[in-house]
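# Analysis of the macromolecular model
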Amino acid sequence: MTINTHTVPANGDITAHRWLILGAEGQLGTELTLLLRKRDAAQRAGGLTAVGRTQLDLSSTEQIQAFIDTWLAEQDDRTPVVINAAAYTAVDAAESDESAASLINAAAPRAIAAALAGRARLIHVSTDYVFSGTADQPYRPDDQTGPRTAYGRTKLAGDLAVRELAPDTGYVVRTAWVYGAHGPNFVKTMAKFSRDRPTLQVVADQFGSPTWTFDLAKSLVEIATADVPAGVYHCTGGGQTSWCDFARAIFQELSLEPSRVEATTAAAYVRPAPRPAYSVLSSEEWIAAGLRPMPHWRDSLHEAFSRDGDSLRG
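Calculation criteria
Residues numbered from 1 in each chain as written. Predicted model: local features only at pLDDT ≥ 70, side-chain atom pairs only at ≥ 80, totals over all residues. Heavy atoms only, no water. Salt bridge = Lys/Arg side-chain N within 4 Å of Asp/Glu carboxyl O. Helix = DSSP H or I, 4+ residues; strand = E, 2+ residues; numbered from the N terminus. Buried < 20%, exposed > 50% of the residue type's maximum accessible area, 1.4 Å probe, protein only. Pairing = 2+ DSSP bridges. Axes fitted to C-alpha atoms, helices over the stretch in contact; angles between N-to-C directions. Contact = heavy atoms within 4.5 Å. Expected span 1.5 Å × (residues − 1). Bend = angle between axes of the 7 residues up to and from the residue. Arc of directions from axis to C-beta. Core = buried A, V, L, I, M, F, W, Y, C linked by side-chain atoms within 4.5 Å. Phe/Tyr/Trp six-rings, centres within 6.5 Å; stacked < 30°, edge-to-face > 60°. Lys NZ or Arg CZ within 6 Å of the ring centre and 35° of its normal. Parallel < 35°, antiparallel > 145°, perpendicular 65-115°, else oblique. Left-handed = near helix turned anticlockwise from the far one by under 90°.

### Focus: the pattern of salt bridges
Scanning all chains against the criterion turns up 16 salt bridges. For the salt bridge of Arg-248 with Asp-245, the shortest nitrogen-to-oxygen distance reads 3.4 Å. Within this pair, Arg-248 and its partner Asp-245 are both found in helix α8 (residues 243-253), separated by three residues, close to a single helical turn. Residue class for Arg-248 comes out partly exposed when judged on its relative accessible area of 28%. On the accessibility criterion, Asp-245 (38% relative accessible area) is partly exposed. For Asp-308, the salt bridge is made with Arg-307, and the minimal N-O distance between the two is 2.8 Å.

Given below as C-alpha cells:
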C-alpha cells in the first residue's frame, strides 16, 4: 500500500480566490465546503460561500441570476471561482421524470454560466454517464458521447451549455464511482449489507474507477486555481476495477472475508436506467495540463477508511 501524497497546494492560491460552492449539502459539495472552510478559517476569512438547496433553488433561472449577481457584487480583491457540485443523481428516477433531472443537470448549469458571463471561473462537475459505456479503453474528453440514460442526456446538456456560454472560463470535470463520508454511496451500502447478509452478489462485468470525494475535492480546488486552459477534463481515482472487486476491497477494509462477495452479471439486475459496462475515464489530458494525477483507487479506499472509517461503516 502506498501513501497518498495528493494534497492541496500549500501556496497562497486558495486564499487568493473567493469561492462559491453550489450543491454544498451533497456528497461532494460537503467535502468541498469542509476543505475550503478549514483553509478559510486558518488563513483569510470571508472567502467561502457555500449554498445548498435550502438557500438556492437551482430550478429557478431567476433565483440563480439574482444570487450570482449579489455574490459577484460583494467581491473584494480575490479572484472569484464557482464550483457547481449540484446534480440530480437519481439515475433510475430520471427515466420517468427526465424534465426534473433536466432542470438541475442541464438548465441550471446553463443559467449559472449565463449569469457569470465570464466574470468568474466556473468548475462544473459531470459524469461518465455522458458516454455509451461500451468502450474497451479509457474515454478521453473529446471522445464521442452517447448517453443511454435520461441522467446521462441531461448531464451532457449541462456540459455543452457550460462550454458554449463560458468558452474561456468554463471547466467541465467528469468523474465516476464517487464515494465518501457524506451522503449515501456504494461503500456505505456494502458496509450495511455486510452486517445484514451472510453473502452478497455484486456485478462483476461493469468496470470503472472508484473516486474518493476527499481526493476529488482537492483536485477540483487545484484546477480552479491552476493556470490551465478552459475545457473538458476527466478526474477519477487511478486504475480500474469491477463493482465486485470494489466490494471485496471494501470487505477487506472492514476486516471481513472478501469471499462473502459473490460475482454476478449485470443481466441479473435489470434497472430502469442501464448502467455503463465500462466507465473508465482517461486522465491523460488532466496530467498533460500539469495537474497532479489522482492516487490509485485502492490506496485511496484504504486512506478513506483510515480517515473516515466511522462514517463509511455507518
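### What about the sheet that holds strand β2 (residues 48-51)?
Here six strands make up an open sheet; going across it, the order is β2-β1-β3-β4-β5-β10 and the pairing parallel. The open sheet has two free edges, formed respectively by β2 and β10 (231-234), since each of these has just one partner strand. Recorded for the sheet is a direction-independent mean angle of 15° between the axes of neighbouring strands. Running at roughly 145° to strand β4 (residues 121-127), helix α7 (residues 213-225) makes contact with β1 (17-22), β3 (79-84), β4, β5 (170-175) and β10 of the sheet.

### A few points about helix α10 (residues 297-313)
In this model α10 runs just 18 Å from its N-terminal to its C-terminal C-alpha over 17 residues, more than 12% under the 24 Å that 1.5 Å per residue would give. At Arg-307, α10 shows its strongest bend, of approximately 85°. Those residues of α10 not exposed but buried are Trp-297, Arg-298, Asp-299, Ser-300, Leu-301, Ala-304, Phe-305, Asp-308, Gly-309 and Leu-312. Residues of α10 that are buried sit in contact with β6 (178-179), α6 (186-196), β9 (211-212), α7, β11 (241-242) and α8. One or two positions beyond α10, positive phi appears at Gly-314, with a value near 75°.

### Some details on helix α2 (residues 61-73)
Its 13 residues place the ends of α2 18 Å apart at the C-alpha level, agreeing with the 18 Å of an ideal helix rising 1.5 Å per residue. Of the positions making up α2, those classed as buried are Ile-64, Ile-68, Trp-71 and Leu-72. Relative to the axis of α2, the buried residues are bounded by an arc of 95° and lie together on one face. Exposed and oriented more than 90 degrees from the buried face of α2 are Glu-62 and Ala-73. Tucked into the core, α2 has its buried residues touching β1, β2, β3 and α4 (98-116).

### A few points about the nonpolar core
Membership of the largest hydrophobic core comes to 30 residues, with the highest contact counts inside it found for Leu-58, Ile-68, Val-82, Ile-112 and Leu-116. The set of elements that each furnish at least two residues to this core consists of β1, α2, α3 (91-96), α4 and α5 (150-165). In this structure Ile-112 touches Leu-22, Leu-58, Ile-64, Ile-68, Val-82, Asn-84 and Leu-122, once residues within four positions along its chain are discounted. Leu-48, Val-81, Ile-123 and Ala-224 belong to the second-largest nonpolar core, a separate cluster that totals 29 residues.

### What about the packing of aromatic side chains?
Evaluation of the coordinates by the stated rule reveals 13 aromatic pairs. Measuring from ring centre to ring centre gives 5.8 Å for Tyr-179 and Phe-246, while their planes differ by 55°; the resulting arrangement is tilted. Taken as a pair, Tyr-179 in strand β6 and Phe-246 in helix α8 lie far apart in primary sequence, 67 residues in all. For the pair Tyr-179 and Phe-246, a shared accessibility class is recorded, and that class is buried. On the numbers, 5.1 Å between centres and 50° between planes, the contact of Trp-212 with Phe-214 is tilted. Exposure class is identical for Trp-212 and Phe-214. Each is buried. Among the aromatic side chains, those forming a connected cluster through ring pairs are Trp-177, Tyr-179, Phe-186, Trp-243, Phe-246 and Trp-297. If you follow Arg-197 out to its NZ or CZ, it ends over the ring of Phe-193, 3.7 Å from the centre. The residue whose ring lies beneath Arg-307 is Phe-214, and the NZ or CZ to ring-centre distance is 3.8 Å.

### Let's talk about the pairing of β4
In terms of burial, β4 is largely enclosed, as six of its seven residues are buried. The pairing of β3 with β4 spans four bridges and is parallel. Bridge pairing links Ile-83 to Ile-123 in β4. Sheet analysis places β4 next to β5, joined by six bridges and oriented parallel. Within the sheet, the bridge partner assigned to Ser-126 lies in β5 and is Arg-174.

### Here's the deal with the packing of α6 against α10
Packing of α6 against α10 brings their axes to within 11 Å, and their N-to-C directions diverge by 60°. One way to sum up the angle between α6 and α10 is to call them oblique. Seen along the crossing, α6 lies across α10 with a hand that is right-handed. For the pair formed by α6 and α10, the contact residues are Val-187, Lys-188, Ala-191 and Arg-195 on the first element and Leu-301, Phe-305, Ser-311, Leu-312 and Arg-313 on the second.

Purely geometric stuff here, so don't read any function into it on its own.
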